[in-house]
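# Observations on chain architecture
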Amino acid sequence: MQILKIKENIAFMSQRKLASIFSIILVVVSLTSLATNKLNWGLDFTGGTLLEIGFEQPADLSKIRTVLESGGFADAVVQLFGSSNDVLIRLGQRENVKAEMLGNQILGLLEQGTGQSIDMRRIEFVGANVGDELTEQGGLAMLTALICILVYVAFRFEWRFALGSVTALAHDVILTLGLFSFLGLEFDLTVLAAILAVIGYSLNDTIVVSDRIRENFRKVRKGTPEEIINISLTQTLSRTMITSLTTFLVLLALFFKGGALIHGFSTALLFGIVVGTYSSIYVASTVALALGISKEDLMPEVIEKEGADQEELRM
Amino acid sequence: MLNKYPLWKTLMVVFIVAIGALYALPNYYGEDPAVQISGTKGVQADLSTLDAVKDTLAQANITYQSAALANGQVLVRFSDYKTQQTANESLSNSLGDAYSVALNLTPATPEWLASLGGVPMKLGLDLSGGVHFLMEVDMKTAMGRAQENMIGDFRTNLRKEKIRYRSVNESGNGVEIIFRNADDLANAESVLKRTYGDYLFVDNEDKLSLKITMTDAKLKETREFALQQNITIIRNRVNELGVAEPLVQRQGAKHIVVELPGVQDTARAKEILGATATLQFHMVDQEHDLRAAVNGRVPPGSFLVNDQNGQPQLLKKRIMLRGEHIIGAAPSRDQQTSRPQVSIDLDSKGGSIFSNATKDNIGKPMATMFIESKATGEKNPDGSLKFTQEQEVISVATIQARLGSKFVITGQESPAESQNLALLLRAGALIAPIAIVEERTVGPSLGAENVQLGMQAILWGFAMVLIFMMVYYRKFGVVANLALAANLVLIVGIMSLIPGATLTLPGMAGIVLTVGMAVDANVLIFERIREELREGKTPQQAIHHGYDSAFSTIIDANITTLIAALILFAVGTGPIKGFAVTLSIGIITSMFTSIIGTRAVVNALWGGKKIDKLSI
């Protein structure tokens, strides 16, 4: 079976101006959203207390809110989590209140207020300075990853490709962050892990394409860089689509079957894979092309041994 | 071109996958919920304990799978978590203080497999339930302690060398000594430099002062020492709690991670772990008037502190002995009054300090002061946590005779209090206070649910990819599916083998992601083969070139992903680390199975013969 039957080379690069404009708009929208809406930082980063509570019967959220309010927790955010019996309660950072008291206090309040017996599913308390450290660490992780990748690709390929792939990565990360801020989805540690996985995945894609471009620059005698890039993108297109498809499929399984705790994680990856696929086709190659990649840049420096071709024929 | 693999290569593939399968197998048997009973205070569980446990369970009508005695511990297995919980409660009620009863998960691995070292994967707290603490060590106090030690040491040294000085005081990060004349200053500098080579000396002849500060290396060493010491002590305390498979680990420069799987009673865990209790012994100041001191005229060499009943006591500032010399503490009862007390053992240095200090004070009252540090929740301007010290006199006793390295302190109100105090003292005094800055408790029901959801996600994802690959690449797709299955088995096998690897919910997500991405290498190879076929190559040539030319692409693509995964591992904590571990392992195993593994199968099926058409 074959999904894509491609006879002719697709002129991907002729649309690169359009794609660039599209990407730039998306990046600007994302950055604007990040600047205005900010990210909805999760407990990991902000500090505070989070309780997940299982009730015997479907929970009455407004009642829970009034009970908490009368107990002095006016800032509590109450929402359903997973099922209608499970409730998530979030409290901001508190000065001078011991966390251990907080959890028990709230459980007691709710047990009394709702008259239901309560199943404590999880309680998390994170101090604010841990959050600060994590934000710093997370940012650092992302930066280190990008730099290491930049160095590796520059070393294995060529600096233009390195810049191209890192631009593509930054593009994907910014868009994914933008989506989270735009939709107000909670950004916690698992989402950060997902974003780093997006970096890995998107890079995987970009490398495959760059690899083919390099190969074709060496193999194809005639043709402008644009044509060669088009050939390479066409050749790798079915692989790009299939791998994205299978990854997308299993992530769908994770999204629907994996439970509420990793919804953020799977959302980030689902979106990241779509953008990552797009960016490996358009962003990385466009940047490399714009930087003036040429045949000479990619010719191997080592002169092949005489008779190497013959060796190949004999096999 | 016949695409044949040497026999050893095929055998190697088979062997590796078989080993992977063998060590993945324990996970199939899973774990039984269990309760572990171990003796405290040097008591070992024995056959009579086992009988007592069996009796209790029979009385409470609790069914269990097995109860056995091993390594001085009784282990009772149950078929479900509910029974485990009820059994835990009734056992800890009936057995009393001499035993600690802890929830446990015990592998149900068959014996032959266990003897080969087969164990199931360790489950993270999000999958097994339990408590996670992140503790911060109060480095300010630790450094203050070090500074105090410096002051004491310098004084003794100068006195020993008979060098006169005006004062020794702390100043900034170090200590400042003021002298009477320049000669003393010069003398002192040369004397002290001999013993304190790793400190920085700055002299000021105009002010006749010598400033001694720690070098950066020494500062770092002191901090490291404080952290290490705290870790050791917390580990001791955790062991006292009797938790099965606890984790106590350093994180960064001033944090300690403690994970207690299966623990639900966080209040007790925190009481034991978080409290930094130590004792200090002071002489009671009898020369001055207590009432005057309470009214604000505290004599310079003394200080006021309340006792347990809220009554003020006036104590001499000089510390006779610090808690760090305590090496043993046990609750006991006074033979005559049968009041609870704590017997204390000191180390040899402590013993000699104490015997010197008590020798001149026979007949005078000595106070035992209990000091506990707690975090206030507030922060200093530099972002570190503020700590308060609560101190309280727990006993005032007249020194009857010169005290050596063994003595008792009284004044506890209940046996439970003396037991708790003994536990804290025995576990050692923390060099610096610690605060719990992060706490996560996951209920056992949520853990079980997470396992179930994660497994479902893996199976669904796996099934969808298998079907897709089979339909899309036909026979080659089946080969890729074999590789995918082998990959999954290898990940599980390796995860079970690596002692430090823990499966978490994000880790499961990592496996799901790997399943999706693992086919990539095969897709690359198969698409190449199709290309080659389209260009008119023979099937054997197409296979050969397909594998060959995809190889470097696969390596490049995977190494970059691996870089991302390794960075995640290096900087990540907890769940992120779990994700990074499965992702890294998955990348490596998938490279092996999809390049070498599928090649072995392809060669076995199609290699070595003439074929006209490939099912791809």
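Residues numbered from 1 in each chain as written. Chains lettered and ligands numbered in written order. Predicted model: local features only at pLDDT ≥ 70, side-chain atom pairs only at ≥ 80, totals over all residues. Heavy atoms only, no water.

Moving on: the overall build of chain B. A tally of regular secondary structure across chain B gives 17 helices and 23 strands. The C-alpha radius of gyration of chain B comes to 33 Å, more than 25% above the 25 Å expected for a compact globule of 616 residues. With respect to the principal axes defined by its C-alpha atoms, chain B has extents near 110 × 75 × 40 Å. The 616 residues of chain B split such that 53% are buried. Partitioning the intrachain contacts of chain B with sequence separation of at least 6 by distance along the chain shows that 72% fall at a separation of at least 24. Total accessible area on chain B stands at roughly 27,900 Å², and carbon and sulfur atoms take up 54% of it. (Helix = DSSP H or I, 4+ residues; strand = E, 2+ residues; numbered from the N terminus. Rg over C-alpha atoms; globule rule 2.2 N^0.38 Å. Buried < 20%, exposed > 50% of the residue type's maximum accessible area, 1.4 Å probe, protein only. Contact = heavy atoms within 4.5 Å. Areas by Shrake-Rupley, 256 points an atom, 1.4 Å probe, with all protein chains shown as cover.)

Moving on, we come to the interface of chain B and chain A. The partner chain A presents 73 residues to the 74 residues of chain B that form the contact. Across the interface of chain B and chain A, roughly 6,300 Å² is buried in total on both sides, 62% from carbon and sulfur atoms. By the criterion of area lost to chain A, the three top residues of chain B are Arg440, Tyr472 and Asp556 of chain B, representing 10% of everything that side buries. The interface formed by chain B and chain A contains 8 salt bridges. Here Asp556 of chain B and Arg214 of chain A are joined by a salt bridge, their closest N and O atoms 3.8 Å apart. Counting across the interface, chain B meets chain A through 19 residue pairs in polar contact (both at pLDDT 80 or more). Contributions of two or more residues to the side of chain B that touches chain A are made by strand S6 (130-137), strand S19 (365-379), strand S22 (434-442), helix H14 (444-497), helix H15 (505-534), helix H16 (539-571) and helix H17 (574-606) of chain B. Residues belonging to the side of chain B that touches chain A are distributed by class as follows: 37 nonpolar, 20 polar and 17 charged. (Buried area = accessible area lost by both parts, 1.4 Å probe. Salt bridge = Lys/Arg side-chain N within 4 Å of Asp/Glu carboxyl O. Polar contact = N/O pair within 3.5 Å; in protein donor to acceptor, adjacent residues only side chain to side chain. Nonpolar A, V, L, I, M, F, W, Y, C, P; charged D, E, K, R; others polar.)

Quick look at H15 of chain B now. Residues and elements named next belong to chain B. Taking 1.5 Å per residue as the helical rise, H15 with its 30 residues ought to reach 44 Å, and the 44 Å between its terminal C-alpha atoms agrees with that figure. The largest bend in H15 amounts to roughly 30° and is located at Val515. For H15, a buried count of 28 out of 30 residues is recorded, marking the element as mostly surrounded by other parts of the structure. Looking one or two residues beyond H15, the residue adopting positive phi is Gly536, at roughly 95°. (Expected span 1.5 Å × (residues − 1). Bend = angle between axes of the 7 residues up to and from the residue.)

Relative to the helices and strands, Ser115 of chain B resides in helix H5 (residues 111-115). Placed 307 residues apart in sequence, Ser115 of chain B and Ala422 of chain B show a C-alpha to C-alpha distance of 40 Å.

So, about the packing of helix H9 (residues 263-281) of chain A against helix H10 (residues 283-290) of chain A. Residue and element names in this part refer to chain A. Running from N to C, H9 and H10 point in directions that differ by 25°, and their axes come no closer than 3 Å. The orientation of H9 relative to H10 falls into the category roughly parallel. Here Tyr278, Ser279, Ser280 and Ile281 of H9 lie close against H10, whose contacting residues are Val283, Ala284 and Ser285. (Axes fitted to C-alpha atoms, helices over the stretch in contact; angles between N-to-C directions. Parallel < 35°, antiparallel > 145°, perpendicular 65-115°, else oblique.)

Bringing the UniProt feature "transmembrane region" (unreviewed entry) in chain B into the picture now. Residues and elements named next belong to chain B. According to UniProt, the feature "transmembrane region" (unreviewed entry) maps to residues 7-25, 453-472, 479-498, 504-526, 547-571 and 583-606 in the numbering used here. For residues 7-25, the end-to-end C-alpha separation is 27 Å, with 95% helix and 0% strand making up the annotated structure. Taken end to end, residues 504-526 comprises 96% helix and 0% strand; its first and last C-alpha atoms sit 33 Å apart. (UniProt positions renumbered as here; feature names shortened; annotations may be inferred.)

Quick look at the UniProt feature "domain: Protein export membrane protein SecD/SecF C-terminal" (unreviewed entry) in chain A now. Within this numbering scheme, the UniProt entry marks residues 113-291 of chain A as carrying the feature "domain: Protein export membrane protein SecD/SecF C-terminal" (unreviewed entry). Annotated as 82% helix and 6% strand, the span residues 113-291 of chain A places its first and last C-alpha atoms 66 Å apart.

Before going further, it helps to spend a moment on the pairing of strand S12 (residues 255-261) of chain B. Residues and elements named next belong to chain B. Most of S12 is tucked away, with 5 of its 7 residues classed as buried. Note that S6 and S12 share 7 bridges and pair antiparallel. Within S12, the position partnered with Met135 by the bridge is Ile256. Sheet topology note: the strand S11 (residues 247-251)/S12 ladder contains 5 bridges and is antiparallel. Within S12, the residue paired with Leu247 across the bridge is Glu259. Hairpin remark: S11 followed by S12, antiparallel, with 3 residues in the connecting loop; positive phi at Gly252, about 70°. (Pairing = 2+ DSSP bridges.)

Here we come to helix H7 (residues 189-219) of chain A. End to end, H7 of chain A covers 45 Å across 31 residues, agreeing with the expected 45 Å (1.5 Å per residue, within 8%). With 29 of 31 residues buried, H7 of chain A lies mostly within the body of the structure.

Read from one edge of the open sheet, 8 strands run S3(A)-S4(A)-S2(A)-S5(A)-S22(B)-S6(B)-S12(B)-S11(B), paired in antiparallel fashion. Looking at which strands have only one partner, the edges of the open sheet turn out to be strand S3 (77-81) of chain A together with S11 of chain B. Put simply, the sheet's adjacent strands are angled 20° from each other on average, direction ignored. Where H14 of chain B meets the sheet, it contacts strand S2 (48-55) and strand S5 (118-126) of chain A together with S22 of chain B, and its direction lies at approximately 85° from that of S5 of chain A.

Along a regular strand, successive side chains alternate from one face of the sheet to the other. Residues and elements named next belong to chain A. Taking burial as the measure, the 8 residues of S2 include 8 buried ones, the bulk of the element. Side chains Gly48, Leu50, Glu52 and Gly54 of S2 all project onto a buried face; the interleaved residues Thr49, Leu51, Ile53 and Phe55 project onto the opposite face, where all are buried too. Here 8 bridges tie S2 to S5, and the two strands are oriented antiparallel to one another. Looking at the pairing, Phe55 lines up with Ile118 of S5. Bridge count for S2 against strand S4 (residues 83-91) is 6 bridges, and the pairing is antiparallel. What sits directly across from Glu52, in S4, is Leu88.

Moving on, we get to the packing of H7 of chain A against H16 of chain B. Where H7 of chain A contacts H16 of chain B, the axes come no closer than 8 Å and their chain directions differ by 160°. The angle between H7 of chain A and H16 of chain B falls in the class roughly antiparallel. Relative to H16 of chain B, the crossing made by H7 of chain A is right-handed. The residues of H16 of chain B that touch H7 of chain A, namely those facing Ala193, Leu196, Gly200, Leu203, Asn204, Ile207, Val208, Asp211 and Arg214 of chain A, are Ser552, Thr553, Asp556, Ala557, Asn558, Thr560, Thr561, Ala564 and Leu568 of chain B. (Left-handed = near helix turned anticlockwise from the far one by under 90°.)

So, on to the sheet that holds strand S2 (residues 66-70) of chain B. All names here are of chain B. Here 4 strands make up an open sheet; going across it, the order is S2-S3-S1-S4 and the pairing antiparallel. Single-partner strands in this sheet number two, and they are S2 and strand S4 (99-107). Ignoring which end each strand starts from, the neighbouring axes of this sheet average 25° apart. Sheet topology note: the strand S1 (residues 31-39)/S4 ladder contains 9 bridges and is antiparallel. Following the sheet pairing, Val35 is matched in S4 by Leu103. Contacts between helix H4 (residues 81-95) and the sheet are confined to S1 and S4, with S4 contributing the most and set at about 160° to the helix.

Residues and elements named next belong to chain A. Residues annotated by UniProt as "transmembrane region" (unreviewed entry) correspond here to residues 138-155, 162-183, 189-209, 242-262 and 268-291. The distance separating the terminal C-alpha atoms of residues 138-155 is 26 Å; by composition the span is 100% helix and 0% strand. For residues 242-262, the end-to-end C-alpha separation is 25 Å, with 76% helix and 0% strand making up the annotated structure.

Moving on: the nonpolar core. Ranked by size, the top nonpolar core spans 122 residues in total, and within it Phe187 and Phe265 of chain A together with Tyr473, Phe476 and Ile529 of chain B carry the most contacts. A per-element tally of this core places H7 of chain A first, with 17 residues. Residues contacting Phe187 of chain A, with those up to four places away along its chain left out, are Leu39, Asn40, Trp41, Gly42, Phe45, Leu177, Phe180, Leu192 and Ile195 of chain A. With 23 residues, the next largest nonpolar core counts Met150, Ile163, Val168 and Leu210 of chain B among its residues. (Core = buried A, V, L, I, M, F, W, Y, C linked by side-chain atoms within 4.5 Å.)

So, on to the side chain of Thr56 of chain B. Residue and element names in this part refer to chain B. With respect to the helices and strands, Thr56 occurs in helix H3 (residues 47-59). In terms of polar contacts, Thr56 uses its side chain to reach the side chain of Ser94, at 3.2 Å. Every residue in contact with Thr56, bar those within four places of it in the chain, is listed here: Ser90, Leu91 and Ser94.

All names here are of chain B. Look at Ser338: it is not a glycine, yet its phi comes out positive at around 55°. As for its placement among the helices and strands, Ser338 is situated in the loop between strand S17 (326-333) and strand S18 (340-346). Here Arg474, not a glycine, exhibits a phi torsion of approximately 50°, which is positive. By secondary structure assignment, the location of Arg474 is in helix H14. With relative accessibility at 40%, the residue Arg474 sits in the partly exposed group.

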